[in-house]
Amino acid sequence: MEVVITPTAAGGAALVADAVVALLARRPAAVLGLATGSSPLGVYRELVERCRAGRVSFRAARAFLLDEYVGLPPAAPQAYARVIRRDLTDALDLAPGAVDGPDGAAVDVPGECARYEAALAAAGGVDLQLLGIGTDGHVGFNEPGSSLASRTRLKTLTRRTRTDNARFFGGDPDAVPRHVLTQGLGTLLDARHLVLLASGEAKAAAVAAAVEGPVSASCPASVLQLHPHATVVLDDAAASRLAGADHHRETWAGKPAWQGL
Ligand code: F6R
């Protein structure tokens, strides 16, 4: 696992955007894995700017969402399928139909989860998966206790996650749906490159558990330790509880630029 610590989240976002641009340059039909929430917003701003400036094209690319709320009205602004359009994909030059996500309104939930797994496989798997981390250590919406081998399925959010996400629901944790569909931890491990972004002091304990704690379902993000190409991009505050922070800074400072992330 590579840990990259930048003084500000904006610096990390630019590095991750560089990695996406480099991927698309060598593989225009790349498959991107998109997270929602606050953590990837800096990356999305960079990608939109660079696409508008003609520095990158997503014309042949495809994208898959990590997760979706279950039980929201179809027009709800919080639905991740809508959020990702607003935050990113509507502003890119993706082809129509290039973005897929689990359907949180599906009546046949197991059938929808199987469809989504099959769609990921049919696309050849994800080349670069963006991830955030919950304060309880979740990735995707794989809450503590999630099987490290899990596939796309229905999960129940913890009270903590519903409280964290209440900011998108008028401040009311009870307005946050209880259930979600999420790629599993086993699904995530199939991506060829995992890139987790975290910023701010509130994420520092979860980041330390994920990076330096044992690999355990109790901290789902620790599953990144099993992946051959996992990159964790942190600002100083999110890295503040890492015992190895100085070593990671030194390693990054000495890394040849051509290697990228
Ligand atoms: C979102 C997702 C979640 C978030 C996590 C962090 O699609 O899968 O795992 O990445 O809850 O959320 P933010 O970035 O809003 O702090």
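Residues numbered from 1 in each chain as written. Predicted model: local features only at pLDDT ≥ 70, side-chain atom pairs only at ≥ 80, totals over all residues. Heavy atoms only, no water.

Draft legend 1. Highlighting the sheet that holds strand β1 (residues 2–6). Spatially, the seven strands line up as an open sheet ordered β1-β10-β9-β6-β2-β3-β5, and their pairing is parallel. Only two strands of the sheet have a single partner each, and these edge strands are β1 and β5 (99–100). Running at roughly 150° to strand β3 (residues 62–65), helix α4 (residues 109–122) makes contact with β3 and β5 of the sheet. (Pairing = 2+ DSSP bridges. Helix = DSSP H or I, 4+ residues; strand = E, 2+ residues; numbered from the N terminus. Contact = heavy atoms within 4.5 Å. Axes fitted to C-alpha atoms, helices over the stretch in contact; angles between N-to-C directions.)

Draft legend 2. Fine view of the site of the ligand. In the vicinity of the ligand there are 14 residues, among which S39, D67, H138, G140 and K203 approach most closely. One of the side-chain nitrogen or oxygen atoms of S39 is found 2.5 Å away from an oxygen atom of the ligand. A distance of 2.6 Å separates an oxygen atom of the ligand from a polar atom in the side chain of H138. Surface burial for the ligand is 94%, taken as the share of its 410 Å² of free accessible area covered by protein chains. If you map the ligand onto the pockets, it falls in the largest pocket. Each residue belonging to the shell around the ligand can be placed in one class, and the counts come to four nonpolar, seven polar and three charged. (Near = heavy atom within 4 Å. Polar contact = N/O pair within 3.5 Å; in protein donor to acceptor, adjacent residues only side chain to side chain. Areas by Shrake-Rupley, 256 points an atom, 1.4 Å probe, with all protein chains shown as cover. 1 Å grid on protein atoms, 1.4 Å probe; cavity = no way out; pocket = protein on both sides within 12 Å on 5 of 7 lines; lining within 4 Å. Sits in = over half its atoms within 2 Å of the grid points. Nonpolar A, V, L, I, M, F, W, Y, C, P; charged D, E, K, R; others polar.)

Draft legend 3. Up close: helix α7 (residues 204–212). Taken together, the buried positions of α7 are occupied by A204, A206, V207, A208, A210 and V211. Buried residues belonging to α7 abut β1, β9 (194–198) and β10 (230–235). (Buried < 20%, exposed > 50% of the residue type's maximum accessible area, 1.4 Å probe, protein only.)

Draft legend 4. A look at the pairing of β10. Across the six residues that make up β10, a large majority, six, are buried. Of the two faces of β10, the one holding A230, V232 and L234 and the one holding T231, V233 and D235 are both buried throughout. Bridge analysis of β1 against β10 gives five bridges, and the strand direction is parallel. Across the sheet, E2 pairs through a bridge with T231, a residue of β10. In this structure, β9 lies alongside β10, joined through five bridges in parallel fashion. Bridge pairing links L194 to A230 in β10.

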